[in-house]
Amino acid sequence: DAFYMCIHPGGAEVRREFAADSGVVEVLNFHGLVHGVLTCKDAAGCMHVKLDSGCWSCIHDQFAHFLQPIKLADELYVCVSDDVVLLRDGLPASSECLGRLLPSEVVQGAWTCLDVEGCMQLMLDDGSWACIQDAAHQYLRPATGVDAYYMCVSTESLAVRSGFSVGSSVIGHLHQEQIVHGVLLCDNESGVTRLQLESGNWTSVCSGTRTFLRLVTPAIRHYLCVSTRNVSIRTGFAEKSSVVGEVRHDEVVRGVLTCLTCSGALRLKMEAGKWITLHAADASQPLLLEATAIDEYYLCVGSAGLFAQKGFPATSARVGTLPCGEVVRAVLSCVNTEGVTRLKLEDGSWTTFLEDALRPVKHIDAVYLCTSPKGVVVRSSHADSGNVVGELAPEQTVRGAMLLSCKDGSSRLMLDNGSWVAVHAGDATRPMLRPVTVLDRRYVCVSPKAVRVTSTFASTGALSGEIHEGQVVRGVLACLNGKGDIRLKLANGKWTTVQSGNDSSVLLEPCSEEFLLELARRLQEASPRRSLSLSRVGSSFSPASRPSRGEPRSPRRSLSWSRVGSSFSPASRP
């Protein structure tokens, strides 16, 4: 199960059978690749390979070498030679020179192959060839691409050099606790791990038992002290650096980055630049745990309530009880070593988050529309066992104060009077209550086709009228239905559609003040002896003044608008 490359300039014959005199199917081109599944030597000592196509080809005979096994080398290589390395057109050393690799240059490899002289050659991703090593020297070394940050932990300044070689020119130094960004790792012939920085320069990570740089991990988050004893704050990364303070039990600090020491302790650098230990060599006994600052409200739904405790440990002393139905505000969340989520409440006490006993709620101030044709029962509590205190009629609107997400997937709404109703029973696509937008706005029909007016919220309800292009109506409520239609409740209690959910076509558009002023002006032009005011909104208007008895009246006109917008064309009729 290996790949072979044709290294003979004249190509390699591919035969139908193993026998040398069997018919030639094709000739493999120079540098062509094939996949072999079986090798076999004939009586003359020639080595043959069976290809995955079932055909055969000769690897070598008594006179020439045709195929050479190659290996996939999809990795980066660094030119570690002090001199340039030639790039050639083919595997043989006599191939045409295409270019040069400079010292410390990085290239992408594709395949490796031994040439006839036993030198390891590398084919690059562009098809050119370079020598990895021969009997005397190594020219290229495999490298690993990284995208990581490192901190200098050396007590002495660390040299940054222009090239991969430790003998290349020094262009700067790294000092203790200085952070650098590395992009490439490569070991030299002495076992020193070299790191290429994003600037292109090089420095050393480690040499034998000596470590100069340590990997750091960004840790911009909160940490909670769970140790029963105070934890020392120190000036530096070293575990024996000077103590400048302490973190007490239940105190929260904010970190910047973490780094492991040579002893296996995990150290945290805090925002103020000081250091603290998250855990010693044993990670199962943490001194500080990662915590999340939150601002969330929870409703106690457990019939027995929950205990409020003095500290983070689940075994700490009880300071109170959260009764069923009480809403509490949590400011911090932290998972202990047993996987239990603990919540710190705004009064400083702690409780355990149990899905059966504590559910997240969201404070709202929104109006909901009862869209269930059967109405919705109103209860005294969030539970189904709560006393029935009323019922919402179809299309009745109520104001919600809090939204509860239940464990079974259903959603409950607490009304502004403290009673509860179900929003949906677990399927959010089939709600019994829908949020609405209360408004007081005029809309103009822009649809060339008549828009249906129904007696109910359902778009399929009984037809009770139509709105024609150019007609102005007043909307008081907007709500999205299950089809994606924006439904509008009119001032007369009927319903119509503002925008269709099927094709997003707009049927009614909000009227601007300019539109209404232009409408009034056009109507005045149509009836010059009348002064019109838009005191009532709809398709009818109330004239502010009427002619007194005996004054001549304007002839009646039937107004129509060919375009909806700020201009209108009144058509007069006898």
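Criteria and thresholds
- Residues numbered from 1 in each chain as written.
- Predicted model: local features only at pLDDT ≥ 70, side-chain atom pairs only at ≥ 80, totals over all residues.
- Heavy atoms only, no water.
- Patch = residues over 30% accessible without salt bridge, like charges linked within 9 Å, V, L, I, M, F, W, Y side chains within 5 Å.
- Areas by Shrake-Rupley, 256 points an atom, 1.4 Å probe, with all protein chains shown as cover.
- Salt bridge = Lys/Arg side-chain N within 4 Å of Asp/Glu carboxyl O.
- Lys, Arg positive; Asp, Glu negative; His and termini not counted.
- Charge placed at Lys NZ, Arg CZ, Asp CG, Glu CD.
- Helix = DSSP H or I, 4+ residues; strand = E, 2+ residues; numbered from the N terminus.
- Buried < 20%, exposed > 50% of the residue type's maximum accessible area, 1.4 Å probe, protein only.
- Phe/Tyr/Trp six-rings, centres within 6.5 Å; stacked < 30°, edge-to-face > 60°.
- Lys NZ or Arg CZ within 6 Å of the ring centre and 35° of its normal.
- 1 Å grid on protein atoms, 1.4 Å probe; cavity = no way out; pocket = protein on both sides within 12 Å on 5 of 7 lines; lining within 4 Å.
- Points joined across faces, edges and corners; volume = space filled by probe spheres on them.
- Nonpolar A, V, L, I, M, F, W, Y, C, P; charged D, E, K, R; others polar.
- pLDDT = per-residue confidence, 0-100.
- Contact = heavy atoms within 4.5 Å.
- Polar contact = N/O pair within 3.5 Å; in protein donor to acceptor, adjacent residues only side chain to side chain.
- Pairing = 2+ DSSP bridges.

Novice: Could you clarify how one ought to interpret a negative patch on the surface in this entry?
Specialist: Judged by side-chain charge, Asp-74, Glu-75, Asp-125 and Asp-126 come together as a negatively charged surface patch. Take Asp-74: it is sitting in the loop between β7 (67-72) and β8 (76-79). By relative accessible area, which is 60% here, Asp-74 ends up exposed.

Novice: Would you mind showing me how to read the environment of Val-473 here?
Specialist: Counting through the fold element by element, Val-473 comes out in strand β43 (residues 472-480). When the C-alpha positions of Val-473 and Arg-442 are compared, they lie 5.6 Å apart, and in sequence the two are 31 residues distant.

Novice: Can you help me understand the packing of aromatic side chains in this one?
Specialist: By convention here, two paired aromatic rings are described through the distance between centres and the angle between planes. For the coordinates displayed, the defined rule picks out seven aromatic pairs. Centroid distance Tyr-298 to Phe-353: 5.8 Å. Interplanar angle 65°. Geometry classified as edge-to-face. With Tyr-298 in strand β28 (residues 288-300) and Phe-353 in the loop between β33 (350-352) and β34 (358-370), the pair connects residues that are 55 residues apart, well separated along the chain. The partly exposed category is assigned to Phe-353, whose relative accessible area is 24%. Taking 5.1 Å as the distance between ring centres and 85° as the angle between the ring planes, the aromatic pair formed by Phe-457 and Trp-495 counts as edge-to-face. Taken together, the residues span a long stretch of sequence, with Phe-457 in the loop between β41 (451-454) and β42 (463-467) and Trp-495 in strand β45 (residues 495-499) at a distance of 38 residues. Trp-495 shares its class with Phe-457; the two are buried. Taking the ring centre of Phe-307 as reference, the NZ or CZ of Arg-318 above it sits at 3.6 Å.

Novice: Can you walk me through the layout of surface pockets in this structure?
Specialist: A water-sized probe, rolled over the atoms, reveals where empty space remains. Its volume calculated, the second largest pocket comes out at about 420 Å³. Taken together, 18 residues form the lining of the second largest pocket, with Thr-371, Pro-373, Arg-430, Pro-431 and Arg-434 sitting closest to its centre. Broken down by class, the residue content of the lining of the second largest pocket amounts to six nonpolar, eight polar and four charged.

Novice: Help me understand the confidence of the model for the protein chain, please; the structure alone is not making it clear to me.
Specialist: Reading fine detail from the predicted coordinates is not recommended where pLDDT is low. In this model, the protein chain carries a mean pLDDT of 88, and residues with pLDDT of at least 70 account for 91%. Confidence over residues 529-574 falls short of pLDDT 50; this stretch has 65 contacts with residues more than four positions distant or in other chains.

Novice: Which parts of the structure should I look at to understand unusual backbone geometry?
Specialist: As a rule of thumb, non-glycine residues mostly have phi less than zero, and peptide bonds are mostly trans rather than cis. Phi angles above zero are rare outside glycine, and Ser-104 is one such case at about 75°. Mapping Ser-104 onto the fold places it in the loop between β10 (97-101) and β11 (106-114). Non-glycine residue Ser-504 carries a positive phi angle of around 60°. Looking at the element boundaries, Ser-504 is found in the loop between β45 and β46 (508-510). You can call Ser-504 partly exposed: its relative accessible area is 47%.

Novice: How should I be thinking about the side chain of Ser-57 in this particular structure?
Specialist: Along the chain, Ser-57 turns up in strand β6 (residues 56-60). From its side chain, Ser-57 meets the backbone oxygen of Glu-13 in a polar contact 2.9 Å long. Excluding anything up to four places from it in sequence, Ser-57 contacts Ala-12, Glu-13, Val-14, His-48, Val-49 and Leu-67.

Novice: Sorry if this is basic, but what is going on with the pairing of strand β25 (residues 252-260) here?
Specialist: Successive side chains on a regular strand alternate, one facing one side of the sheet and the next facing the other. Bridging between strand β21 (residues 213-218) and β25 involves three bridges; their strand directions are antiparallel. Along β25, the bridge assignment pairs Pro-218 with Leu-257. As paired strands, strand β22 (residues 222-225) and β25 are joined by three bridges and run antiparallel to one another. Across the sheet, residue Leu-224 finds its bridge partner in β25, namely Val-252. Of the strand pairs in this sheet, β25 and strand β26 (residues 266-270) are connected by five bridges, and their pairing is antiparallel. Counterpart to Leu-260 in the pairing with β26 is Leu-266. Here β25 folds back onto β26, and the loop between the two strands holds five residues, one of which, Gly-264, carries a positive phi near 95°.

Novice: How should I be thinking about the pattern of salt bridges in this particular structure?
Specialist: If the charged atoms of two oppositely charged side chains come close together, the side chains can form a pair. Considering all chains together, one arrives at eight salt bridges under this definition. For the salt bridge of Arg-221 with Glu-290, the shortest nitrogen-to-oxygen distance reads 3.3 Å. With Arg-221 in the loop between β21 and β22 and Glu-290 in strand β28, the pair connects residues that are 69 residues apart, well separated along the chain. In this structure Arg-221 comes out as partly exposed when scored by relative accessible area, which is 29%. Using a relative accessible area of 46% as the deciding quantity, one classes Glu-290 as partly exposed. Asp-295 serves as the salt-bridge partner of Arg-329, at 2.7 Å between the closest nitrogen and oxygen. One end of the pair, Arg-329, is in strand β31 (residues 327-335); the other, Asp-295, is in strand β28, with 34 residues separating them in the sequence. One connected set of salt bridges, linked through shared partners, spans Asp-295, Arg-329 and Glu-346.

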